[in-house]
Structures are given as structure tokens and as C-alpha cells.
Amino acid sequence: MRRILGFSLILMLLGLSACALFPHRDPLNINVVGIEPLPSQGLEMRFAVKLRLQNPNETPIAYDGVALDLEVNGHTLATGVSDQAGSIPRFSEGLLSVPVSISAFSVLRQTLGLSQTQSLDNLPYVLKGKLAGGLFGTMRFVDRGTLDLPGSSATW
């Protein structure tokens, strides 16, 4: 019984010390800096979303793929993936362009989700994504806010 207790204590100490091997990273600062139209097919719209990635860490961040989901007013509007690979040096920034698709059904769902009196100002959005970086290097990010369209007084 003592052997089992001693062995489990050693395993627990080894497990806790292994956590110290993984460095703590501050989250990336991600900002959407541009949206450009891309050629579309059928009932979908495609855009290139340009992201500015800022690395506030002491070590570079390597990535090998990116995925994005854009929710507007609580519903998914656009999704996109890219197999781009690269690295953001320590205390530096870089630009990343991710193609996203918006289906006609997503636009219809957004249109039906807005009431007759809701304006196009202050629509809540959530941009979720991840930079793939291997088993322990994947970094997830979330950006929340509201879409403010200046001078927009149209209602749906």
C-alpha cells in the first residue's frame, strides 16, 4: 500500500513540474484592419479579411493555419480557413489575410433575425478564431464589439 501511495505521489509531483515547462504567453492582440471582396460563386459572397496580429510576448509565435468565425447579432454570418504558415517575431506584428464565405442562407437568417424597428447601428459581433501551432502552440482569440455604421438610419 505504501508503494502505491509513494508511486502516486511521485507521479503527481512529476505532473505538476511538467506544467512549469510550458511558458506562459500573453494573448495576441488581433484587429480587423480591412475587408476586400473576392470572386464569388453562386449564392455566396467571399471576402478577404485582413487581420493585424500583435505579439506582446518575449518569444516568437509560429503558426501553420488559421480559422475564423464571425457572428453578428448572435448568429454565424461568415466562416473561413487558410493554410498559411508563418511566424510573428517577439514584440512585433504582422498582417494575415483570411478568405471568408458568407452564404445566402446566412444573409437571409440575419435579415429575418432583425426586427422591423432595429436599426443597423450597434449590432453586436463576435470574431472567434485560432492560429494553429501544433499540439501545444495553438492560440485561440476572441474579439467582441458592436458594428457602428455612421450615418446609417435604415431599419430592417
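Quick notes on the rules
Residues numbered from 1 in each chain as written. Predicted model: local features only at pLDDT ≥ 70, side-chain atom pairs only at ≥ 80, totals over all residues. Heavy atoms only, no water. Helix = DSSP H or I, 4+ residues; strand = E, 2+ residues; numbered from the N terminus. Buried < 20%, exposed > 50% of the residue type's maximum accessible area, 1.4 Å probe, protein only. Contact = heavy atoms within 4.5 Å. Salt bridge = Lys/Arg side-chain N within 4 Å of Asp/Glu carboxyl O. Patch = residues over 30% accessible without salt bridge, like charges linked within 9 Å, V, L, I, M, F, W, Y side chains within 5 Å. Areas by Shrake-Rupley, 256 points an atom, 1.4 Å probe, with all protein chains shown as cover. Core = buried A, V, L, I, M, F, W, Y, C linked by side-chain atoms within 4.5 Å. Pairing = 2+ DSSP bridges. Polar contact = N/O pair within 3.5 Å; in protein donor to acceptor, adjacent residues only side chain to side chain. pLDDT = per-residue confidence, 0-100.

Draft legend 1. Looking closely at the overall build of the protein chain. Per the secondary structure count, the protein chain includes 2 helices and 7 strands. In the protein chain, the order of α-helices and β-strands from amino to carboxyl end is α-β-β-β-β-β-α-β-β. Out of the 156 residues in the protein chain, the part that is buried amounts to 24%. For the protein chain, restricting intrachain contacts to residue pairs at least 6 apart in sequence, the fraction spanning at least 24 positions comes to 62%.

Draft legend 2. Here's a closer look at the pattern of salt bridges. In this structure the tally under the stated criterion is 3 salt bridges. For Arg 52, the salt bridge identified is with Glu 93, shortest N-O distance 3.0 Å. With Arg 52 in strand β2 (residues 44-55) and Glu 93 in strand β5 (residues 92-103), the pair connects residues that are 41 residues apart, well separated along the chain. Taking the shortest distance from any N to any O, the salt bridge between Glu 71 and Lys 128 comes out at 3.5 Å.

Draft legend 3. Representation of a nonpolar patch on the surface within the structure. There is a patch of nonpolar side chains on the surface, built from Leu 9, Met 12 and Leu 13 and spanning about 300 Å² of accessible area. Inspection of the secondary structure assignment puts Met 12 in helix α1 (residues 2-19).

Draft legend 4. Highlighting the nonpolar core. Ranked by internal contacts, the top residues of the largest apolar core, which has 23 residues, are Leu 51, Leu 53, Leu 68, Leu 96 and Leu 131. When contributions to this core are tallied by element, the ones reaching two or more residues are β2, β3 (61-72), β4 (75-88), β5, β6 (123-131) and β7 (139-147). Sequence-distant contacts of Leu 68, defined by excluding residues within four places in its chain, comprise Val 49, Leu 51, Ala 78, Thr 79, Gly 80, Val 98, Val 100, Leu 127, Lys 128, Gly 129 and Phe 141.

Draft legend 5. How the structure looks around the side chain of Asn 57. Within the fold, Asn 57 resides in the loop between β2 and β3. Asn 57 sits in the buried class, given a relative accessible area of 5%. Beyond its immediate sequence surroundings of up to four residues, Asn 57 is in contact with Arg 25, Asp 26, Arg 90 and Phe 91.

Draft legend 6. The pairing of strand β1 (residues 29-38), seen in detail. Two elements, β1 and β2, share 9 bridges in a ladder whose sense is antiparallel. In the strand pairing of β2, Leu 38 is matched with Arg 46. Connecting β1 to the antiparallel partner β2 that follows it, the hairpin turn spans 5 residues, and Gly 42 within it adopts a positive phi of roughly 60 degrees.

Draft legend 7. Looking closely at the environment of Thr 146. Counting through the fold element by element, Thr 146 comes out in strand β7. Separated by 74 residues in the primary sequence, Thr 146 and Val 72 place their C-alpha atoms 8.8 Å from one another. Excluding residues that lie within four positions of it along the chain, Thr 146 makes contacts with Asn 122, Leu 123, Pro 124 and Tyr 125.

Draft legend 8. Looking closely at the side chain of Ser 82. Within the secondary structure layout, Ser 82 lies in strand β4. Side chain to side chain, Ser 82 and Gln 84 meet in a polar contact 3.0 Å long. What Ser 82 contacts, discounting residues up to four positions off in sequence, is Gly 65, Val 66, Ser 97, Val 98 and Pro 99.

Draft legend 9. Expanded view of the pairing of β2. Relative to β5, β2 runs antiparallel, the two being bridged by 12 bridges. For Ala 48, the partnering residue across the bridge sits in β5 and is Pro 99.

Draft legend 10. Just the confidence of the model for the protein chain, in detail. The predicted model of the protein chain averages 79 in pLDDT, with 79% of residues at 70 or higher. Element-level mean pLDDT values for the protein chain span from 70 in α1 up to 92 in β5. For the stretch residues 152-156, pLDDT sits under 50, and the model shows 15 contacts to residues farther than four places along the chain or on other chains.

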